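One letter stands for each residue in the lines below.
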Amino acid sequence: MDRWLAAALDYLPRWLEHQLRLTEQPGLQFAVALNGKPVLDLALGHANLRSGEALTPQHRLRVASHSKTFTATALLKLRDQGRLRLDDPVGRYVDGLHATVAATPLAQLLSHSAGLVRDGADSGQWLERRPFLNEADLRADLAGGPTIDPNTRFKYSNHGYGLLGLVVAAVTGEPYLDWVAREVVAASGLKDTFPDVDRAPPALKLAHGHSLKWPAGERLPLAAAMSTHALASATGFVSTAADLARFFGSLSPQARRSVLSVEARRELARRQWREPHSSVERWYGLGTMSGTLTGLAGAWDWFGHTGGFPGTLSRTVCVPSQGLTISAIGNAADTLVGTWVDGALHVLQAHAALGAPSRRTAAWTGRWWSLWGSWDLLPLADRVLVANPSLANPLTDAMQITVDGKGRDGALHGRITLANGYASHGEPAALTLDANGRATSLKLAGATLGTEAAALRELRARYGKA
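Notes on the structure follow. (Residues numbered from 1 in each chain as written. Predicted model: local features only at pLDDT ≥ 70, side-chain atom pairs only at ≥ 80, totals over all residues. Heavy atoms only, no water.)

**Some remarks on the pattern of salt bridges**
We apply this condition: Criterion for a salt bridge: a side-chain nitrogen of Lys or Arg within 4 Å of a carboxyl oxygen of Asp or Glu. Categorising residues by exposure relies on relative accessible area from a 1.4 Å probe, with only protein chains included: less than 20% of the type maximum marks a residue as buried, more than 50% marks it as exposed, and the intermediate range marks it as partly exposed. The secondary structure listing takes helices from DSSP runs of H or I that are at least 4 residues long and strands from runs of E that are at least 2 residues long, numbered from the N terminus.
Tallying each qualifying case throughout the model produces 27 salt bridges. Notably, a salt bridge pairs Arg92 with Asp88, separated by 2.9 Å at the nearest N-O pair. A residue is classified by how much of its surface remains accessible, and Arg92, at 55% relative accessible area, is exposed. Of the residues examined, Asp88 reaches a relative accessible area of 5% and is grouped as buried. When the shortest N-O distance is used, the salt bridge between Glu135 and Arg139 registers 3.0 Å. One end of the pair, Glu135, and the other, Arg139, are both in helix 5 (residues 135–142), four residues apart, so they sit about a helical turn from each other. A residue is classified by how much of its surface remains accessible, and Arg139, at 24% relative accessible area, is partly exposed. Look at the salt bridges and you will find they share partners, linking Lys77, Glu174, Arg182 and Glu183 into a network.

Okay, here's the thing in structure tokens:
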């Protein structure tokens, strides 16, 4: 592992712990894989707030629409085997469909461009008001045909992926859950992933989801243990962040081991439809989302997926050019896994661009507090970044300190050599050390910051105990 990556992986848990604390989220699983092998496997917070059970890396969580990538992989594996073609009409494999739906090519179902209804006439399954649809329910919702003209725009459809599950069963002669568990999940070397709770072992350690804090005034645990029946191929999977990082890493065209051919992996992630009417620049391929993150190291193209189940959100991103995959699963309806994955990418990109700490800068570290919050010193190569751990991207407009060395007063001295116009560009910085060489305070320009304990003592002394 490169030194810059080790340094980034050392910082990410500290930043994520702070984010979880600030946002009062129940729990988070977070994993980073390098070339398909996890190099960080982190669990923070609780699997169930009510019982106080701690969340572990071994807990499984609902990963919802990540299921679509597993289903797309299944279809492409069958294509690699010559058992179907992506331009085959779905009616070749599933009978009794509306004529227009029956004529829909598999590729349109995979890319969400078939114009089908998203969740049916009654989407109460997503509100835990009804069970997930069985095959008869799914067919009934599709009996009216597409809701818009096919092949005109990206229009997400869980029902479309439910239909693809029926295709897998028809082609293989086996239930979708059985074939995918063996030929995709097990074949990918995943030990903690199951296509639905029906196929999980009885002793499955499933973390609870949680509601929003409001209007109840507290987060209410959601068992998240319901079967998804005919929609397992769209949203049924349970997994861990580490297993998702392994799996998506294996789908990179650069991966050495995969259940798919290189050509199929390229097709899986190829950008086919831009997301319309969206504030983010994202695309959809075949069971994968994709985009570009721009930062200190230029542009990193990524592919991956997100997932949303009652009380649980997840996101996975693979950056093929770096051999890196990041996965995050949070067990609350308002968890910030999307922004945390982006923030982690910015941290990784900065380390890749600037490099690991040098001997000269390595001592400039720690979290430093004042009335205004906290700052993290992040040494990178020949400079020190002043990161804000309260931000979704802690390196946003980060000041940079150039290190001078140890002064006669025993402190480490430097100067702020890059800052925005409202900050303290050009002013001094100093890190005070005790007799054992441990940092005790940080001075940025004219402001002195201390440890969290010191800041707490000062606040209580000045304003009284809360």
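**Let's talk about the pairing of strand 14 (residues 366–370)**
Defined as follows: Only strands that DSSP links by at least two bridges are regarded as paired with each other.
In this structure, strand 14 lies alongside strand 15 (residues 373–380), joined through five bridges in antiparallel fashion. Following the sheet pairing, Ser370 is matched in strand 15 by Gly373. Where strand 14 folds back onto strand 15 in an antiparallel hairpin, the turn is made up of two residues.

**With respect to a nonpolar patch on the surface**
Counted only if it meets this: Nonpolar side chains (Val, Leu, Ile, Met, Phe, Trp, Tyr) within 5 Å and like charges within 9 Å form the patches, drawn only from residues with over 30% relative accessible area and no salt bridge. Methods summary: accessible areas were calculated by the Shrake-Rupley approach with a probe of 1.4 Å, and residue burial reflects only the protein chains presented.
Nonpolar side chains collect at one region of the surface, where Leu371, Trp372, Leu459 and Tyr463 lie side by side and expose about 540 Å² of accessible area between them. Topologically, Leu459 is positioned in helix 12 (residues 452–463).

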